[in-house]
Amino acid sequence: MSAVVDERVSDEIEALEAILMDDVVIKRVGDVPDIIETVVHPSTGDDTDQQFVCVTLEVKLTPEYPDTSPDVVLRNPRGLDDALLATIHSQIRNKLNDCLGQPVVFELIELIRENLTERNLPSGQCVICLFGFTAGDVFIKTQCYHHFHSHCLATHLISGLRNYQEEYEILPNWQQMNVSPYQQSCPVCRTIVTCDVESLRKAPPPQESITAAPFCVTDELKVTIADLQHKMSALLAQQRAKGGVVSTGYTGPPPLTITTPADNQNNVVATNGPPAAKPEPAAPRQNGNASNSNSSPGSPNGKSGYRGPYRGFNRRGKPGRRGRGNAR
Ligand SMILES: [Zn+2]
Ligand SMILES: [Zn+2]
């Protein structure tokens, strides 16, 4: 038996596992607890439908914990903007200092939960319309904890379905049969979602989209655009020079080659010869299989066979069957 676990730590772990059960993950190195991980939600009783935000708390214990502070990381924040995360981080730092020498994980969970409960409304923007969430907005939380105005998500899903149908209709029949059916997906993380589009589309458009000043191209915006265009054209020139390699420092063969329409035409001319000749050796073999050639005499393969060097063979191949039979 190697390391002895501090009694304060083993007591804390035991309590965490007893209270949070499946909601806490303890990662151990050998027998020694190393990382404590749990997803923190706002307190809403047992009503998970009303939890609009969450964050994963990861506490990496130091060998001297709790006499030294653990490393605390907040991962996968959902519905939380950077300002709120910064606030929580600074509160966590204070809490760690205050609690030096005693187990702190429950305190951290409680601290985060209080913040989430207070701000149990998505902050940040709806990625579809880029407006924020304000009082009076109707919004939806997907299974993956991403938030959208219901109105925006309806629009997104309706146009997603329309795009799918348009692409489906231009496919040849044989490909249509193999296409997987349309599935709604989250515009942020592509998780498959199931939403009732009909009820979503009844929601009003986001408040800010009504009250916001109409868009116009200001002088400031023109400067930003010109600057961006300048940077992007330099980047494109750099990528072209490298043969389409995007990353810097890459020395292998170009994974992507930028071609011009002229290059493509040259390719077509250059490769036209050999592929045209290729089917011809194949054609007689097909025709040699009696049933094949007889059932589809008008097939394009058969026709191309007649034009090639095996012309004589093919011609004789079909009627010759009878001829050969007669001769015997
Ligand atoms: Zn929106
Ligand atoms: Zn998502």
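Note that the structure is a prediction, hence the values are computed from the model and not measured. (Residues numbered from 1 in each chain as written. Chains lettered and ligands numbered in written order. Predicted model: local features only at pLDDT ≥ 70, side-chain atom pairs only at ≥ 80, totals over all residues. Heavy atoms only, no water.)

**Observations regarding the coordination of the zinc ion (ligand 2)**
We count it as follows: Metal sites are built from N, O and S donor atoms within 2.8 Å, or 3.2 Å for Na, K and Ca, and they leave out water, so they may look incomplete. Think of it this way: with four donors and all angles in the 85 to 135 degree range, the site is tetrahedral; with four or six donors, opposite ones beyond 155 degrees and the rest between 65 and 115, it is square planar or octahedral; otherwise it is irregular. Numbering of helices and strands runs from the N terminus, with a helix taken as a DSSP run of H or I at least four residues long and a strand as a DSSP run of E at least two residues long.
Within the protein, Cys 144 (SG), His 146 (ND1), Cys 186 (SG) and Cys 189 (SG) serve as the donor atoms for the zinc ion (ligand 2), at 2.1 to 2.3 Å. Coordination geometry of the zinc ion (ligand 2): the 4 donor atoms subtend angles of 102 to 113° at the metal centre, consistent with an arrangement described as tetrahedral. Sequence spacing among the residues donating to the zinc ion (ligand 2) works out to C-x1-H-x39-C-x2-C. With His 146 in the loop between strand S5 (139–141) and strand S6 (147–149) and Cys 186 in the loop between helix H5 (173–176) and helix H6 (197–200), this residue pair connects regions lying 40 residues apart in the sequence.

**Points about helix H2 (residues 82–98)**
In plain terms, the rule: In this scheme, a helix's expected span is set at 1.5 Å multiplied by one less than its residue total. The buried label applies to any residue whose accessible area, calculated with a 1.4 Å probe on protein chains only, is under 20% of its type's maximum; exposed applies above 50%, and partly exposed to all values in between. In this description, one arc is meant: the one made by directions from the helix axis to the C-beta atoms.
In this model, H2 (17 residues) spans 24 Å end to end at C-alpha, consistent with the 24 Å of a helix rising 1.5 Å per residue. Considered for burial, the residues of H2 that qualify are Leu 84, Leu 85, Ile 88, Ile 92 and Leu 96. The buried residues of H2 occupy an angular sector of 110° when the element is viewed end-on, so they sit on one face. Exposed and facing more than 90 degrees away from the buried side of H2 are Ala 83, Arg 93, Asn 97 and Asp 98.

**Focus on the packing of H2 against helix H3 (residues 105–118)**
Cut-off, in case you're wondering: For helices, the fitted line uses only the C-alpha atoms of the stretch in contact; every axis is such a line through C-alpha atoms, and the angle between N-to-C directions lies from 0 to 180 degrees. Each angle gets one of four labels, with under 35 degrees taken as roughly parallel, over 145 as roughly antiparallel, 65 to 115 as roughly perpendicular, and the rest as oblique. Two helices crossing with the near one rotated counterclockwise from the far one by less than a right angle form a left-handed crossing, whereas a clockwise rotation gives a right-handed crossing. Two residues qualify as a contact provided that any one of their heavy atoms is within 4.5 Å of a heavy atom in the partner residue. Only Asp, Glu, Lys and Arg are considered charged, only Ala, Val, Leu, Ile, Met, Phe, Trp, Tyr, Cys and Pro nonpolar, and every remaining residue, Gly among them, polar.
Packing of H2 against H3 leaves a shortest axis separation of 10 Å and a crossing angle of 150°. In terms of their interaxial angle, H2 and H3 are classed as roughly antiparallel. Classified by chirality, the crossing of H3 by H2 is right-handed. Contact residues: H2 offers Leu 84, Ile 88, Gln 91, Ile 92, Lys 95 and Leu 96, while H3 offers Glu 107, Leu 108, Leu 111, Ile 112, Asn 115 and Leu 116. When the residues that make up the contact of H2 with H3 are grouped by side-chain class, the tally is 8 nonpolar, 2 polar and 2 charged.

**A few points about the coordination of the zinc ion (ligand 1)**
Listed as protein donors to the zinc ion (ligand 1) are Cys 126 (SG), Cys 129 (SG), His 149 (ND1) and Cys 152 (SG); their distances from the metal cover 2.1 to 2.3 Å. In this structure, the zinc ion (ligand 1) is surrounded by 4 donor atoms whose angles at the metal cover 96 to 120°, and the resulting shape is tetrahedral. When the donor residues of the zinc ion (ligand 1) are listed from N- to C-terminus, their spacing reads C-x2-C-x19-H-x2-C.

**Considerations on unusual backbone geometry**
The amide bond that connects Tyr 65 to the next residue, Pro 66, takes the cis arrangement and shows omega of 5°. Tracing the chain through its elements places Pro 66 in the loop between strand S3 (54–60) and strand S4 (71–78). The phi angle at Met 21 is positive, at roughly 50°, despite the residue not being glycine. Mapped onto the secondary structure, Met 21 falls in the loop between helix H1 (7–20) and strand S1 (24–29). Residue Met 21 is classed as exposed on the basis of its relative accessible area of 58%. Its identity as a non-glycine residue notwithstanding, Asn 76 has a phi of 45°, on the positive side. Relative to the assigned elements, Asn 76 resides in strand S4.

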